[in-house]
Amino acid sequence: MEKFLAQYMPPDYSAHGHELDRLNAIVHWLMLILFVAWGAYFLFVLFRFSAKRNGKASYGGMKSHFSTYAEAGVAIIEVILLVGFSIPLWSRWTTKPGAEQNPIELKLVAEQFAWNIHYPGKDGVFGRADASFVTSTNPLGLDPNDPKGKDDIATLNHLHLEVNRPVIIHLTSKDVIHSFFLPVMRVKQDAIPGQDVAIHFTPIRTTNGDKWEIACAQLCGLGHYRMRGQFEVQTKEEFAKWLASNAPENPSTPAPNPVPAASPATPAEAQPGGGPAHT
Ligand SMILES: [Cu+2]
């Protein structure tokens, strides 16, 4: 099943992706079994209780205690699923990689209709950002007077990651709910205004210069279709080079995106209020 489904899936570059693909296959098996079993039961009932065989309806109902046992069985299985599987997986998902794993930590601010990506720069500390500093050339609202922000790197729709190095992304949104979707990383998470939602994953293969899509998986307005970015996974050396080439040289203000935007969104269009929102 997993191999069959894999033909229709995007490639997988993440450490956890194969587990999701396997779960996907298990759910397909389960649905197939349920479909066949319920279909067979339906045919059996049609035959067994047809009017021809049963001239007179019975109003007595079932006499055995089977349904009580079946319901208790379902409750026990659900407790096992919740305590044995869901809670441990939830805990794994919400536990961020520790400092010993040297994760890349970055912020991602979604807006209609673009992805603003904020790297903390050499010092590893994010500069202060505030809504009052937001302009068309400073979409993240970085404080130009904050020394910690001088070396910060801001890109528009361009996400670069390092192979085998965990990444923690703090997701938020300026306007409506967007959904950050990296199909080849098997990552999808809503970006919600006013919330900092941290997700983490580890790329395990470089994309070898190929650029893959960052999609918005939540219908977020008229420009939703063009809310896409590009991301690539690079080797340690390539990634360090990319960071160095994008770091502001004589930083007086945080560098706006030096890389051409992947989507046709212009800064004017990308501003909140650039188009009517359809929710
Ligand atoms: Cu969106």
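These figures come from a predicted structure and were not determined experimentally. (Residues numbered from 1 in each chain as written. Predicted model: local features only at pLDDT ≥ 70, side-chain atom pairs only at ≥ 80, totals over all residues.)

So, the overall build of the protein
Stated formally: Each helix is a run of H or I in the DSSP string that is no shorter than four residues. Each strand is a run of E no shorter than two, and both are numbered from the N terminus. Residues with at least 20 neighbouring C-beta atoms inside 10 Å of their own are called buried, those with 12 or fewer are called exposed, and the rest are partly exposed, where every C-beta is derived from the backbone. A pair of residues counts as a contact when their C-beta atoms, built from backbone coordinates, are separated by no more than 7 Å.
Broken down by element type, the protein carries 5 helices and 10 strands. By residue count, 25% of the 279 residues in the protein fall in the buried class. Contacts in the protein between residues far apart in sequence, at least 24 positions, make up 70% of those at least 6 positions apart.

Overview of the pairing of strand 9 (residues 212–216)
Quick reminder of the rule: Strands pair, by our definition, only if DSSP identifies at least two bridges between them.
Examined bridge by bridge, strand 6 (residues 178–182) and strand 9 share 2 bridges and lie antiparallel to one another. By the bridge assignment for strand 9, Phe180 is matched with Cys216.

Observations concerning the nonpolar core
Put simply, the rule reads: What we call a nonpolar core is a set of buried Ala, Val, Leu, Ile, Met, Phe, Trp, Tyr and Cys residues whose membership is set by joining through C-beta atoms within 7 Å.
Grouped together as the largest cluster of nonpolar side chains are 34 residues, with contacts concentrated most on Leu108, Ala110, Trp115, Leu171, Phe180 and Ile214. No other element matches strand 2 (residues 114–119), which puts 4 residues into this core. If we ignore the near neighbours within four places in the chain, the residues touching Trp115 are Leu108, Ala110, Asn157, Ile214 and Gly229.

Some points on the environment of Glu237
Counting through the fold element by element, Glu237 comes out in helix 4 (residues 236–246). By the C-beta count within 10 Å, which is 9 here, Glu237 ends up exposed. As a C-alpha pair, Glu237 and Glu162 span 75 residues in sequence and 8.9 Å in three-dimensional space.

A few points about the sheet that holds strand 3 (residues 153–156)
The following threshold applies: With axes taken as lines fitted to C-alpha atoms, and helix axes fitted only over the stretch in contact, angles between N-to-C directions fall between 0 and 180 degrees.
Strand order in the open sheet made by the 5 strands is 3-2-1-5-8, with mixed pairing throughout. Two strands in the sheet have a free side with no partner beyond their single neighbour: strand 3 and strand 8 (197–201). The sheet shows a mean angle of 25° between the axes of neighbouring strands, direction not considered. Pairing of strand 1 (residues 104–111) with strand 5 (residues 167–173), which is carried by 7 bridges, proceeds in the parallel orientation. Counterpart to Ile104 in the pairing with strand 5 is Val167.

Structural notes on helix 3 (residues 66–94)
We apply this condition: By this rule, a helix spans an expected 1.5 Å times one less than how many residues it contains. The bend at a residue is defined as the angle formed between two axes, one fitted to the seven residues ending at that residue and one fitted to the seven starting there.
When the terminal C-alpha atoms of helix 3 are compared, their 40 Å separation across 29 residues agrees well with the 42 Å that a helix rising 1.5 Å per residue should span. Of all the bends in helix 3, the greatest, near 30°, is centred on Ser86, and the proline Pro88 appears no more than four residues after it. Among the 29 residues in helix 3, 0 count as buried, and that is only a small part of the element.

A word on the sheet that holds strand 6
Pairing within the open sheet is mixed, and its 5 strands lie in the order 4-10-9-6-7. At either margin of the open sheet sits one strand with a lone partner, and together these are strand 4 (158–162) and strand 7 (187–191). On average, adjacent strands in this sheet sit at an angle of 25° to one another, irrespective of strand direction. Along the sheet, helix 4 makes contact with strand 4 and strand 10 (228–234), crossing strand 4 at roughly 140°.

Thoughts on the environment of Ile192
Following the sequence through the fold, Ile192 ends up in the loop between strand 7 and strand 8. Considering only alpha carbons, one finds Ile192 and Ser173, 19 residues apart in sequence, at a separation of 5.3 Å. With sequence-adjacent residues up to four places away left out, Ile192 is seen in contact with Ser173, Ile177 and Val197.

Some words on the pairing of strand 3
Of the two faces of strand 3, the one lined by Ile153 and Thr155 and the one lined by Ala154 and Leu156 are each fully buried. Where strand 2 meets strand 3, 4 bridges bridge the pair, whose relative direction is antiparallel. Considered in strand 3, the bridge of Asn116 is made with Leu156.

Remarks on the confidence of the model for the protein
Put simply, the rule reads: Along the chain, pLDDT gives the predictor's confidence residue by residue, from 0 to 100.
Overall, the predicted model of the protein reaches an average pLDDT of 84, with 89% of residues at or above 70. Considering only residues more than four positions removed or in separate chains, one finds that residues 251–255, a stretch of pLDDT under 50, has 15 contacts.

Side note on unusual backbone geometry
Cis geometry marks the peptide bond from Gln112 to Phe113; its omega dihedral reads 0°. Note on placement: Phe113 falls in the loop between strand 1 and strand 2. One non-glycine residue with positive phi stands out, namely Asn157, at about 65°. Here Asn157 is to be found in the loop between strand 3 and strand 4.

Thoughts on the environment of Pro11
Here Pro11 is to be found in the loop between helix 1 (2–6) and helix 2 (17–48). In sequence terms Pro11 and Val184 are 173 residues apart; their C-alpha atoms lie 5.5 Å from each other.

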